[in-house]
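In case you want the letters, here they are:
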Amino acid sequence: MATETLPSGFSIQNVLTFFLLINIDLLHCQQFTIPFKAPTECGVEEFFDISSLSCVKCGPNQLRSTTGLTCVCKTGYRSVTTDKASNTCQQCPTDKPAVTKDGFGCIRCPGSLSDDGMCLCPPANVLVERDVSGNLLDEAKCETCSRNIPAFSVPSSSGDRCERCQASFINTSCVCNTPNVLAGGLCFPPGILPTNANPSVNYGQLKFSVQSAWFVKNLYSSAAACLVFSNLTACQALGNMCVMNMHSFSGTSNDACGLFNTIFRSKAVMSSTQDISYWRANLPWLYYGDEPGLAGRVLQTDPVPVGFSFRGKNKNTEIKLLAAVYNIRGEFLKWEQIGGGNLQLCPDTAAKQAAAYSFGTAYQQSCDLSVAELLQAHSEPLFYDVFMDLGGGENRKLLPLPTLVYNQQYNGRFINQESMKNWYLSRRMFLVDTLGGREKSMSSLPKVIRVATSVKIRFQLVPRTQEGQIFPPLMIVTYTDVLITDINTQTVSTMFAMEYEMDQGEARIKTDTALGVMGGLAVLYSLLKTVSWKRRIGSPLIDAGTMFKFLLFYSGDLANVFFVVTVGTGLYWLIFYKVSVAQQFVSVLLPLPAQEEQFVTYIGCAFTLKAIQFLHKLILQVSVDIFLIDWERPRNKASRTVQAAGEPKRDPAPVSIWRTYFVANEWNEIQTFRKISPTFQIMAVLFILEVVGFSNLALRDPWSTLQRSSQAYTPSYSLILRYSLAATLWLCIGLLQVIFFTVFYEHFVEDKIRQFVDLCSISNISVLLLSHRCFGYYIHGRSVHGHADTNMEEMNNNLKREAESLCGQRGLLPNTDIQTFQVSLTTHLRSQYERIREPLSRRNGPSRLMDTSTNNPFEQNFRAYHTMNHFLGSIVDHAHPDMDYIVKDKLMFERVIGMEFLEPNEKSIFYNDDAHSFSDVLFYGNEATLLIFDTLFFCVVDLGSQSFVLAAVLTYVQQMIFRLIRNFLGRKNLVNKTLVDERFLI
């Protein structure tokens, strides 16, 4: 196939140059502007050209039309078509001065002319300008319509022909003669209804009424036509006007609802519609009746014959609602499927709006709408009779949804804001009414508009159902009256919600029963703790301090009760509502937010009481009595020379204090040591909740998916699910850490508690801890080698001999290795201890490196320290028969209840303690309390802020603060009780 080529001499460069010359203007950036013109700005002889968006001058003898978008001929001029695109105007001759109604001809008039230059006829006459063939007459005629038998005709609305008059006029003529009443173009016999119908729309929130132009024009005629002629459209229009008054009854019987009920009672002898006694023939169904307790019978008697299921082959979560839609004039428009935005004023995506009709999803949509937009979009209200579609194929059934108008008044009372037994259920609702508040005319700006600012559809589960049955849904509508001031700035807040509830009475009873039973057990346990405390302080008297101590114990135990009950209750809802295998048919629904208040109160009680217990334990730990008993003795008794009275004197070499400092530092180090890592705990919980997506399990819907699409609707969080999820995760991760720590870490990495006991033995230091006046713990650290002040070689040899069992065991008793004990002291021993310790308690300044000017207090404290060291050492060595002790094992029951049965009257008792319970005065031994306190703190912050991240941050800050407080106060207590200089604590 041949191809053409460019002629010689016509190069590519020439082509480019040619195009550049042609399109040179395209290389420049241009701005196009036009003058702004509005149709109202055009002159009398100009029209607004919708193509050029400008004002264009009309042709000769033409004026602007009423719309301003075309031109019309002046009065006395007729239109002449010159071509298909333009008209000209020609003046009518003097013998035919009038212009025909179509504007294309001139004609003589039988009478006078109107202002627009057309012929006028008397009333009851029609104007005839053409013959039957359409030819224009020379002179127009005025033909009289016959109102009598048999014609019964009147001029049509256009005035160009006679037509039969309305049926209500036909008697002997088409004239509505007195005493008949002419209303709305109809003629009614006298006395059927009061003629002084009240055309007011009552705006109770604003405390005034408006004489509605629509009611003035249509109220009496609609009521009369409904009563006399059973006109279906008129009955619907009357019902709509009653609905616009929010179904409210007043003291007068001639307002919209009063007239409706008058007609309703007059039709009592007629048959009911659809076999529903509240639905009279020809009338709309507006009320359920006013019998006391009727609402309860309607809403909580017969279940809906449809079962809902979240999962399985019978899955059914679609809520099918259908509405019969009427306009303001009472005309039936259509059956409309409820969904999307027909009941939801707030705009949103179709996917999110469709989520409202998925059973179990707590849906709520709210927004602020402009009053100007409402006036533009809702010039007339639409009215909805809402039904639930029960299905059934060819025998399709509909269930009417009862409506509760929250603002409805009954003789001035807001009856629907009272208890259910006083509710007055109704039917039919609207979303926006901008018509009823128009006073002067229906085209004027309304004085007030009424908006359905809250629409809720509430579903109640049948108690103990196993088939997912519900009672008839209830639609709750709250209207708001908006006084119009500035439509461009005013806004209205609206909300649409779907709520699901079940009877929480049984669950509440079970919860309260559990709290009562466990609370009673907590009282007994707290009494037991108080008795044990009295024994341990050696005081038999019951005084105010005893009662206060009991309350402190009870606060901790009651906090545990509240914690167990709330976590257990939350887990119940989490498992049975969210977990896929737990609920095939719907049998459990989440409590409503208002029903969660009691649960949140229980959580608050648990946190407050647990905080009291935590602070109580913290105070006890930082005030514990502690003394380090140094067993080391000088090896060389003539190793130091001192001056005494001017003469040299040999004195035993002092024992090194560094071992005591080392043990004190290790004790100070383990005071806040825990079985879990707080940092890992927080990061793990936050990772699982926010990154993995477990937080989505707390949403108020039945789906257990962890990841949600950003395009899908996200319901609000359930406080119960949020609490149970956070608490369960925190506890599980904490328990896993504790198990890992005790099973693996302490066995294969390091065990700081046992290492401290080993350090005491190597350092030849024993530790006496008194958590109570006459009770505490003893760590026997006396070295089996006799000395700990030694060099490296001797230390290694000692450890080797001990490993090869070539020396005695470390235990307090011969041939035993038990080094830790719980001690129960006699009051005599405690008194002697306090007498020796008294100088130590008065020490305020630094200890061993003070100036010589403060030597006397230092000497006193130094002697007290050595006296205490010698005294306690001699007690352990049985050197005081009147303060001797025995060693025994604790009974199993004593270990369980935490109380000693034997009182140390004559001898103190050392209980063997393999469990190292001296850690009870450390964070290490109170991990359960700390874990629960952290859990509650995290949950309380989250419930208040709805943010897991903020809760994690504040929990970490709280942990660090209390750790610093515990370290600081514990360090001060260690210095005060052991004479260790604080400067040597690292």
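Residues numbered from 1 in each chain as written. Predicted model: local features only at pLDDT ≥ 70, side-chain atom pairs only at ≥ 80, totals over all residues. Heavy atoms only, no water.

Asks: How should I be thinking about a nonpolar patch on the surface in this particular structure?
Replies: On the surface, Val949, Leu950, Val953, Leu954, Tyr956, Val957, Ile961, Ile965, Phe968 and Leu969 cluster together into a nonpolar patch covering about 790 Å² of accessible area. Relative accessible area serves as the criterion here: at 32%, Ile965 is assigned to the partly exposed category. (Patch = residues over 30% accessible without salt bridge, like charges linked within 9 Å, V, L, I, M, F, W, Y side chains within 5 Å. Areas by Shrake-Rupley, 256 points an atom, 1.4 Å probe, with all protein chains shown as cover. Salt bridge = Lys/Arg side-chain N within 4 Å of Asp/Glu carboxyl O. Buried < 20%, exposed > 50% of the residue type's maximum accessible area, 1.4 Å probe, protein only.)

Asks: Even after reading the chapter, I still don't get the UniProt feature "transmembrane region" (unreviewed entry) in the protein chain, so can you show me in this structure?
Replies: Feature annotation in UniProt assigns "transmembrane region" (unreviewed entry) to the following positions: residues 551-575, 680-699, 720-745 and 935-957. Taken end to end, residues 551-575 is 100% helix and 0% strand, and its first and last C-alpha atoms sit 35 Å apart. In residues 680-699, the share of helix is 60% and the share of strand is 0%. The end C-alpha atoms are 26 Å apart. (UniProt positions renumbered as here; feature names shortened; annotations may be inferred. Helix = DSSP H or I, 4+ residues; strand = E, 2+ residues; numbered from the N terminus.)

Asks: How do you make sense of the state of the cysteines when you look at a structure like this?
Replies: Such a bond, covalent and formed between the sulfur atoms of two cysteines, is termed a disulfide. Counting across every chain of the model gives 11 disulfides. The residue that forms a disulfide with Cys58 is Cys71, at a sulfur-sulfur distance of 1.9 Å. Between Cys58 and Cys71 the sulfur-sulfur dihedral comes to about -75°; the bridge is accordingly left-handed. With a gap of 13 residues between them, Cys58 in the loop between β2 (54-57) and β3 (62-64) and Cys71 in strand β4 (residues 71-73) connect regions that are remote in the sequence. Assessed through its relative accessible area of 9%, Cys58 is described here as buried. (Disulfide = S-S within 2.5 Å.)

Asks: I would appreciate a short explanation of the packing of aromatic side chains in the present structure.
Replies: The geometry of an aromatic ring pair comes down to the distance between the two centres and the angle between the two planes. Tallied over the entire structure, the rule returns 57 aromatic pairs. Look at Phe310 and Phe359: their rings are 6.3 Å apart centre to centre, the planes differ by 35°, and that puts the pair in the tilted class. Separated by 49 residues along the polypeptide, Phe310 in the loop between α5 (294-300) and β19 (321-326) and Phe359 in the loop between α6 (350-354) and β21 (363-370) bring together distant segments of the chain. Here the two residues Phe310 and Phe359 agree in accessibility, since each one is buried. Taking the centre distance of 6.4 Å and the plane angle of 40° together, the rings of Phe933 and Phe937 count as tilted. A residue pair is termed a helical-turn pair when its members lie 3 or 4 positions apart in one helix, as Phe933 and Phe937 do in helix α19 (residues 927-945) at four residues. Owing to a relative accessible area of 4%, Phe933 belongs among the buried residues under this scheme. Within the aromatic cluster, the residues linked to one another by ring pairs are Phe308, Phe310, Phe359, Phe459, Tyr500, Tyr577 and Trp703. The ring centre of Trp285 lies 5.3 Å from the NZ or CZ of Arg427, which sits over that ring. Just above the ring of Phe208 sits the side chain of Lys447; from NZ or CZ to the centre is 4.8 Å. (Phe/Tyr/Trp six-rings, centres within 6.5 Å; stacked < 30°, edge-to-face > 60°. Lys NZ or Arg CZ within 6 Å of the ring centre and 35° of its normal.)

Asks: Got a minute to help me understand helix α20 (residues 948-978) in this structure?
Replies: Taking 1.5 Å per residue as the helical rise, α20 with its 31 residues ought to reach 45 Å, and the 44 Å between its terminal C-alpha atoms agrees with that figure. Once α20 ends, the next one or two residues include Leu979, with phi positive near 65°. (Expected span 1.5 Å × (residues − 1).)

Asks: Mind showing me how you'd approach the sheet that holds strand β33 (residues 765-770) here?
Replies: What links the strands of a sheet is backbone hydrogen bonding, and the strands pair in either a parallel or an antiparallel sense. Read from one edge of the open sheet, six strands run β30-β33-β34-β35-β37-β36, paired in mixed fashion. At either end of the open sheet lies a strand with only one pairing partner, and these are β30 (625-630) and β36 (885-888). Each strand axis lies, on average, 20° off the axis of its neighbour in the sheet, ignoring direction. The sheet contact formed by β33 and strand β34 (residues 775-779) spans three bridges and is antiparallel. Along β34, the bridge assignment pairs Leu768 with Tyr778. The sheet strands contacting helix α11 (residues 658-670) are β30 and β33, and the helix crosses β30 at an angle near 145°. Across the sheet, helix α14 (residues 752-763) lies against β33, β34 and β35 (820-824), angled at about 130° from β33, the strand it touches most. (Pairing = 2+ DSSP bridges. Axes fitted to C-alpha atoms, helices over the stretch in contact; angles between N-to-C directions. Contact = heavy atoms within 4.5 Å.)

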